[in-house]
There are 2 protein chains.
Amino acid sequence: MRFSIERGEIFSRLESVANAVAQKSVKPVLSGVLFRTTAEGKIELLATDLETAIKAVTTPVHIDGEGAFVVEAKVILEVIRNLPSGEIIFELQDNNLIVRMEKSKFVLPTISPDQFPEIEPTHGGIEIETSVTVLELMIDRVIFCAAKDEFMRNLNGVYWEIQGGYLRLVAADGFRLALAEEKIETDIEDRFLLTLKSMKDLQSSIKTALSDDLRIVYDGAKVGFYFDGIEMIARVVDAEFPDYRKVLPKAFKTRVIANTVVLSDAVRRASIAARLGSESVKIELKDQSIKLIAKSPEHGESTEEFDVKKEGDDILIAFNPRFLADSIKKIDTEEVELNFVDSNSPLQMNPVDVEGYLYIIMPIRLI
Amino acid sequence: MRFSIERGEIFSRLESVANAVAQKSVKPVLSGVLFRTTAEGKIELLATDLETAIKAVTTPVHIDGEGAFVVEAKVILEVIRNLPSGEIIFELQDNNLIVRMEKSKFVLPTISPDQFPEIEPTHGGIEIETSVTVLELMIDRVIFCAAKDEFMRNLNGVYWEIQGGYLRLVAADGFRLALAEEKIETDIEDRFLLTLKSMKDLQSSIKTALSDDLRIVYDGAKVGFYFDGIEMIARVVDAEFPDYRKVLPKAFKTRVIANTVVLSDAVRRASIAARLGSESVKIELKDQSIKLIAKSPEHGESTEEFDVKKEGDDILIAFNPRFLADSIKKIDTEEVELNFVDSNSPLQMNPVDVEGYLYIIMPIRLI
């Protein structure tokens, strides 16, 4: 088995597939990428951690013979990353993969492909269409709010909801929640939960996509993402995502419109004192003015004050400044809207004049 | 005591001075920067870890009253970094420093300036002149070869030698050595050793300099560096740097000229297999060709082969590829010269047609 392939072609495909490789695995074969010739004279690349699997097909310049091998993902990526552009020759000799380009030659040990787990495709199920651009934006807007702790199985991921002609992604960690929704053409209603690891793999993979079409298939147990010749299969999480609608505030008593950059700078400065101290920043809304106050016994006190547009009641409320900062960073409209109920109820933050994107942040109890 | 100062002016000065702040100190005052009004109506900034001290003078827009205070370096740097350009007002109230700009206000606790150690200036001694540009280059070319281990007192630093109309910097860690020399106008002969920490402080500080003149004073115990209104005092190390001349090979049997980028790429690729394996790359020089061979039981084998200009004997020799890569990175001429004695003697690597810069790398014994 021998084939040659353009460096640029194989590298982007390999990078995409390698996202699924297990970070720490007891099975050595799972730290590898499977290379396999197809009946159509192409090369299929495959990686999986048994939770997520990514497959890509790449077109060789020349191909000679059939076969398959598994090679350590980290090593083959390093090798190809460090080769210049041009044609790379791959050749399987006994149990070694020979990689050759001009006067560079690598002899890499391979693992038997028999040990590589078979990836089951999705079977039937529902199907929706969206685009790489839209999904990339939606993931970026919610993923950082997912719980990092793998033991919080129902929050350590992103919840997908297809309902009423919308695709909705929701992530929450108990202190905050992010929601992104976009119109799609479908009358299907369904929902599933994917792990944070699967979501990160998907995020990294779609980044490398050169075409925009994206198809999502859900068969009740697995979700398949199909885009730019890449197929990603992710197992859904068998856990119940909490009813996020219960967290969404129903009626607001205070509505504030602030300049996004001004608010963001003020929160960042308030964080200097808060960060090493109480991890809390007090927000005082009075008339058309907002005041951010942070204190720490060691690092002193900071106050920021500026004008905003306000409707409704004055309010005094406190937050973890990091949660405020994380969400503001994701708001790219000139103005940001802050909606409050009272000092003990969550804040809803959203861009002005953009529908379907919002953040809910729990306040810290004022002492 | 109250003064105002332009954000850009205070920030660059503070950044420079803060380099000397103790990283981990039992004395809290050493993690601070001393601010002090001078008789000329300026503000003096001072930081020290008792080994290195940096002082800078900065010009306020307005100044009112006299005084001094010490404020946590990390916090004041963070505060000023996050303020926009414009005039910042500093005011000492009781034991707090009030920092104000438009509607941002910080109240920062201060430490009594009485606890701040007095920095003794250099007393008499020898004096030489060079430039920030030259010294920056020289430090960059040698500092990475200094031993990282603080317990190797005589190698954990950079050796300075003023001799025969040259300023020479030498660093070594027992496996490799770097030497940089530049002509200076002096007939003084002297030498001293500075710690790696002092050298790093100096390197960071001169980076921010806006003017090029640099004066060095050595009084037998301390070295003073004077540039761009900044004064850095470093205590010399009371340890004997080994006689580096003994390490410099006397006569070579093989001289090779290679293209720097080609050699650098080849070493980088050879490192993929070597890095996780034996940490060794074999170099085979035969006729007008060089071959780099690296092997590891887990990650396979790599071979690189390309043409070079060679004079003298063929040779087979092995090195730690990281040491080769580190030094090649610092060679910015199109071609690099490799000078060999035999398989058990150190390699001398130097740029082609640039005098005064060289690297000595110990080989690994071939089995």
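Residues numbered from 1 in each chain as written. Chains lettered and ligands numbered in written order. Predicted model: local features only at pLDDT ≥ 70, side-chain atom pairs only at ≥ 80, totals over all residues. Heavy atoms only, no water.

Per an unreviewed UniProt entry, the recorded name for chain A is Beta sliding clamp, and the organism is Kosmotoga arenicorallina S304. What the UniProt record of chain A gives under Subunit (unreviewed entry) is the line "Forms a ring-shaped head-to-tail homodimer around DNA." UniProt, in the comment section headed Subcellular location (unreviewed entry), describes chain A in these words: "Cytoplasm". (UniProt positions renumbered as here; feature names shortened; annotations may be inferred.)

A. Just the domain arrangement of chain A, in detail. Residue and element names in this part refer to chain A. Looking at chain A, the domain boundaries give domain 1 (2–115), domain 2 (126–246) and domain 3 (254–361). Computed from C-alpha coordinates alone, the two centres of domain 2 and domain 3 are separated by 28 Å. If you look at the interface, domain 2 gives 14 residues, while domain 3 gives 12 residues. Regarding the contact of domain 2 and domain 3, the summed buried area is about 1,200 Å², with carbon and sulfur atoms giving 54% of it. Taken as a group, R141, F144 and R176 account for 47% of the area that domain 2 buries against domain 3, more than any other trio of residues on that side. Our count for the contact surface shared by domain 2 and domain 3 stands at three salt bridges. A salt bridge links D326 to R176; the shortest N-O distance between them is 2.8 Å. In this assembly, domain 2 and domain 3 are joined by nine residue pairs in polar contact (both at pLDDT 80 or more). Counting residues per element, the side of domain 2 that touches domain 3 draws most heavily on strand β13 (residues 176–183), which supplies seven residues. (Domains from an automatic or database assignment. Contact = heavy atoms within 4.5 Å. Buried area = accessible area lost by both parts, 1.4 Å probe. Salt bridge = Lys/Arg side-chain N within 4 Å of Asp/Glu carboxyl O. Polar contact = N/O pair within 3.5 Å; in protein donor to acceptor, adjacent residues only side chain to side chain. Helix = DSSP H or I, 4+ residues; strand = E, 2+ residues; numbered from the N terminus.)

B. Just the pairing of strand β8 (residues 96–101) of chain B, in detail. All names here are of chain B. Note: strand β7 (residues 87–93) against β8, five bridges, orientation antiparallel. For F90, the partnering residue across the bridge sits in β8 and is V99. Note: β8 against strand β9 (residues 104–109), six bridges, orientation antiparallel. When the sheet's bridge partners are listed, I98 is paired in β9 with V107. If you look at the hairpin formed by β8 and β9, you'll find two residues sitting between the two strands, and E102 has a positive phi there, around 45°. (Pairing = 2+ DSSP bridges.)

C. Just the interface of chain A and chain B, in detail. Listed by partner, the interface residues are 26 residues for chain A and 26 residues for chain B. Taken over both partners, the interface formed by chain A and chain B buries close to 2,400 Å², and the fraction arising from carbon and sulfur atoms is 51%. Counting the contacts that link chain A with chain B gives zero salt bridges. Linking chain A with chain B are 14 residue pairs in polar contact (both at pLDDT 80 or more). The set of elements that each furnish at least two residues to the side of chain A that touches chain B consists of α2 (73–81), β9 (104–109), α5 (260–275) and β21 (300–307) of chain A.

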